[in-house]
Amino acid sequence: MGAEASGSRPELQELMREAEISLLECKVCFERFGHRQQRRPRNLSCGHVVCLACVAALAHPRTLALECPFCRRACRGCDTSDCLPVLHLIELLGSALRQSPAAHRAAPSAPGALTCHHAFGGWGTLVNPTGLALCPKTGRVVVVHDGKRRVKIFDSGGGCAHQFGEKGDAAQDIRYPVDVTVTNDCHVVVTDAGDRSIKVFDFFGQIKLVIGGQFSLPWGVETTPQNGIVVTDAEAGSLHLLDVDFAEGVLRRTERLQVHLCNPRGVAVSWLTGAIAVLEHPLALGSGVCSTRVKVFSSSMQLVSQVDTFGLSLYFPSKITASAVTFDHQGNVIVADTSGPAILCLGKPEEFPVPKPMVTHGLSHPVALTFTKENSLLVLDTASHSIKVYKVDWG
């Protein structure tokens, strides 16, 4: 009996950790709910729950009207009520949470595991973000989202340093940004599904080039070590390499690297080997179910390896739905999984697949990821409208 209790303790700690992250934290400001006035959990009329401080911040000062940050339904700040189930859960878990003031840090983790050190962004700062990139020179984080200004640049501390890219129909405006990359000379390149173009800005937001009329649906975009731009065309099923004179704002050449891809979206380039990973979303015939497949090509565009949802199901008991792909500094392929949700390492392309979970807690809907020079992992979580920073915890 004692052995069973001892064996169940890690599972109980894991359950507590999951409860605190998923249920006891305001997903707008990332603060823990509590009995204090400003942190009391409040029901919106649509059913979603935020803390009282966020209700006050989101509500119009005179009319008290607000828009739910999750479902966009119109609500009124004066029509909110205490969320009793969350308050009762806080009371039920109160003593255990006090013993472990930060459950997600107290849970035992193996030395070398990735843990979330901090997050920034949040609803209002970001609105349904879709793409993430790092400036190689400054280390600043660039995100594209559905806000009034589509491109937002954050400093290393998570503060907003700059934003640009007006929402509009003019050629220099951004209608529907899908992905973003930053070149070696600090130009920001955005794929715009709204007018099916690629738009190049300098780092201060001045438009340098609009590439239109060449793509059916440009989606993923990434910079190569040679300062080229690789772009996936989801509708045409192709992968392209663009040679651009960024200083002059001139497209020199376009090369089609791959054709006959199945709805390619995410793309990543290994700066170690020059390999290119493409994330496909093939539709299973007759089922209406969309699976995912990761293909890795060598620098000479020879297919090195591939693995799909079914192949990964042989290693994991649950379905894996890859939503983003990147390479780490050792050349391993890393994917974001929205079904878990989780971040997984698939190993090196020539050894595919050797899957290993890297992050299994604290995520809601990861859609983009990248590594910093210091080897921190940045994950863009569109459900919480935030960037989460993971670092290796050597214990």
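What counts, and where the lines are drawn
- The residue numbering used here restarts from 1 in each chain and proceeds along that chain's sequence as written.
- Restriction of local features to residues with pLDDT of at least 70 applies here, the model being predicted, together with a cutoff of 80 or more for giving and counting side-chain atom pairs; totals for whole chains, interfaces and linings are based on all residues.
- Hydrogens and water are ignored here; the side-chain numbers use all heavy atoms of the structure.
- UniProt positions are given in the numbering used here, feature names are shortened, and annotations may be inferred rather than shown by experiment.
- Here, any two strands with at least 2 DSSP bridges between them count as paired.
- By the criteria applied, helices consist of DSSP H or I runs no shorter than four residues and strands consist of E runs no shorter than two, each listed in order from the N terminus.
- In this analysis an axis means a line fitted to C-alpha atoms, helices contributing only their contacting stretch, and an angle means the value between N-to-C directions, from 0 to 180 degrees.
- Working definition of a nonpolar core: buried Ala, Val, Leu, Ile, Met, Phe, Trp, Tyr and Cys residues. They are joined through side-chain atoms within 4.5 Å.
- Relative accessibility under 20% of the residue-type maximum defines a buried residue, over 50% an exposed one, and the middle range a partly exposed one, all with a 1.4 Å probe and only protein chains included.
- Any two residues whose heavy atoms approach within 4.5 Å are treated as being in contact.
- Identification of polar contacts relies on pairs of N or O atoms within 3.5 Å, with a donor-acceptor requirement for protein atoms, meaning one able to donate a hydrogen and the other able to accept it, and with residues adjacent in sequence counted only if both atoms are side-chain atoms.
- Here a salt bridge means any side-chain nitrogen of Lys or Arg lying within 4 Å of a carboxyl oxygen belonging to Asp or Glu.
- Paired rings are identified among Phe, Tyr and Trp, the last through its six-membered ring, by centres lying within 6.5 Å, and are further divided according to the angle between planes into stacked (under 30 degrees), edge-to-face (over 60) and tilted (the rest).
- The criterion is that NZ of a Lys, or CZ of an Arg, lies within 6 Å of the ring centre and within 35 degrees of the ring normal, and then a charge sits over that ring.
- Patches draw on residues past 30% relative accessible area with no salt bridge. Two like charges within 9 Å are joined, as are two nonpolar side chains (Val, Leu, Ile, Met, Phe, Trp, Tyr) within 5 Å.
- With residues, only the protein chains shown are counted as cover, and all accessible areas are computed by Shrake-Rupley using a 1.4 Å probe.

Under an unreviewed UniProt entry, the name given to the chain is E3 ubiquitin-protein ligase NHLRC1, and the organism recorded is Aotus nancymaae. The UniProt entry for the chain carries the following text under Catalytic activity (unreviewed entry): "S-ubiquitinyl-[E2 ubiquitin-conjugating enzyme]-L-cysteine + [acceptor protein]-L-lysine = [E2 ubiquitin-conjugating enzyme]-L-cysteine + N(6)-ubiquitinyl-[acceptor protein]-L-lysine." What UniProt records for the chain under Pathway (unreviewed entry) is the sentence "Protein modification; protein ubiquitination."

A. Main features of the sheet that holds strand β19 (residues 264-269). Here we have four strands laid out as an open sheet, ordered β19-β20-β21-β22, and antiparallel in their pairing. Of all strands in the sheet, those with a lone pairing partner are β19 and β22 (303-308), marking the two edges. Across the sheet, the axes of successive neighbouring strands diverge by a mean angle of 15°, strand direction being ignored. By the bridge criterion, five bridges tie strand β21 (residues 293-297) to β22 in an arrangement that is antiparallel. Counterpart to Arg293 in the pairing with β22 is Asp308.

B. Region of interest: the nonpolar core. Cys26, Leu44 and Val50 are the most contacted members of the largest nonpolar core, which has 20 residues in total. Of all the elements in the fold, those that place two or more residues in this core are β2 (49-51), α2 (52-58) and α3 (84-99). Sort the elements by how many residues they give to this core and α2 lands first, with three residues. With near-sequence residues (within four places) excluded, Val50 lies in contact with Cys26, Val28, Phe33, Arg40, Pro41, Arg42, Leu44, Val55, Pro69 and Phe70. In terms of nonpolar packing, the next biggest core, distinct from the first, is built from 19 residues, Ala268, Ala275, Leu312 and Ala322 among them.

C. Quick peek at the sheet that holds strand β18 (residues 250-258). Ordered in space as β15-β16-β17-β18, the four strands form an open sheet in which the pairing is antiparallel. Both edges of this open sheet fall to β15 (218-223) and β18, since each of them pairs with a single strand only. In this sheet, neighbouring strand axes are inclined to one another by 25° on average, regardless of whether the strands run parallel or antiparallel.

D. A look at the side chain of Thr382. Mapped onto the fold, Thr382 is located in the loop between β28 (377-381) and β29 (386-393). In terms of polar contacts, Thr382 uses its side chain to reach the backbone carbonyl oxygen of Pro129, at 2.9 Å. Setting aside anything within four residues of it in sequence, one finds Thr382 in contact with Asn128, Pro129, His365 and Val367.

E. View of the UniProt feature "repeat: NHL" (unreviewed entry) in the chain. Within this structure's numbering, the places UniProt gives as "repeat: NHL" (unreviewed entry) are residues 113-157, 161-204, 212-245, 248-300 and 350-393. Secondary structure over residues 212-245 splits into 0% helix and 56% strand, and the C-alpha atoms at its two ends are 16 Å apart.

F. Up close: the pairing of strand β7 (residues 131-134). Side chains Gly131 and Ala133 project from β7 onto one buried face, and the interleaved Leu132 and Leu134 project onto a second face that is buried too. Counting the residues in the hairpin turn of β7 and strand β8 (residues 141-144) gives six residues, including Gly139, whose phi is positive at 75°.

G. Spotlight on the pattern of salt bridges. Under the defined criterion, the tally for this structure stands at 14 salt bridges. Here Asp169 makes a salt bridge to Arg175, at a shortest N to O gap of 3.7 Å. Between Glu235 and Arg196 there is a salt bridge, with the nearest N and O atoms lying 3.4 Å from each other. Residue Glu235 is located in the loop between β16 (229-233) and β17 (238-245), and its partner Arg196 is located in the loop between β12 (188-192) and β13 (197-201); the two are separated by 39 residues in the primary sequence. Given the relative accessible area of 53%, Glu235 is considered exposed. What you see here is one network of salt bridges that share partners, running through Arg40, Arg42 and Asp82.

H. Local environment of the environment of Gly347. Within the secondary structure, Gly347 sits in strand β25 (residues 342-347). Residue Gly347 is classed as buried on the basis of its relative accessible area of 6%. Once the C-alpha coordinates of Gly347 and Asn332 are considered, the two residues, 15 residues apart in sequence, prove to be 4.8 Å apart. Sequence-distant contacts of Gly347, that is, excluding residues within four places in its chain, are made with Asn332, Val333, Phe352 and Val354.

I. Representation of the packing of aromatic side chains. Here the structure, examined in full by the defined rule, presents two aromatic pairs. Ring centres 5.3 Å apart and planes at 50° place the aromatic pair Phe164 and Phe201 in the tilted group. Highlighted residues: Phe164 in strand β10 (residues 160-166) and Phe201 in strand β13, separated in sequence by 37 residues. Each member of the pair, Phe164 as well as Phe201, carries the same accessibility label: buried. If you follow Arg265 out to its NZ or CZ, it ends over the ring of Trp219, 4.7 Å from the centre.

J. Quick look at the pairing of strand β27 (residues 366-371). With respect to burial, β27 is a largely interior element, five of its six residues being buried. One ladder, built from five bridges, connects β27 with β28; its direction is antiparallel. Directly across from Pro366, in β28, lies its bridge partner Asp381. Where β27 hands over to β28, the hairpin turn is made up of five residues, of which Asn375 adopts a positive phi near 75°.

K. Structural view of a nonpolar patch on the surface. On the surface, a cluster of nonpolar side chains totalling about 390 Å² of accessible area is made up of Phe310, Leu314 and Tyr315. Checked against the element boundaries, Tyr315 lands in the loop between α5 (309-313) and β23 (322-327). Of the residues examined, Tyr315 reaches a relative accessible area of 46% and is grouped as partly exposed.

L. Representation of the environment of Thr138. Relative to the elements of secondary structure, Thr138 occurs in the loop between β7 and β8. Sequence spacing of Thr138 and Asp155 is 17 residues, and the spatial spacing of their C-alpha atoms is 8.7 Å. A polar side-chain atom of Thr138 sits 3.2 Å from the main-chain amide nitrogen of Arg140.

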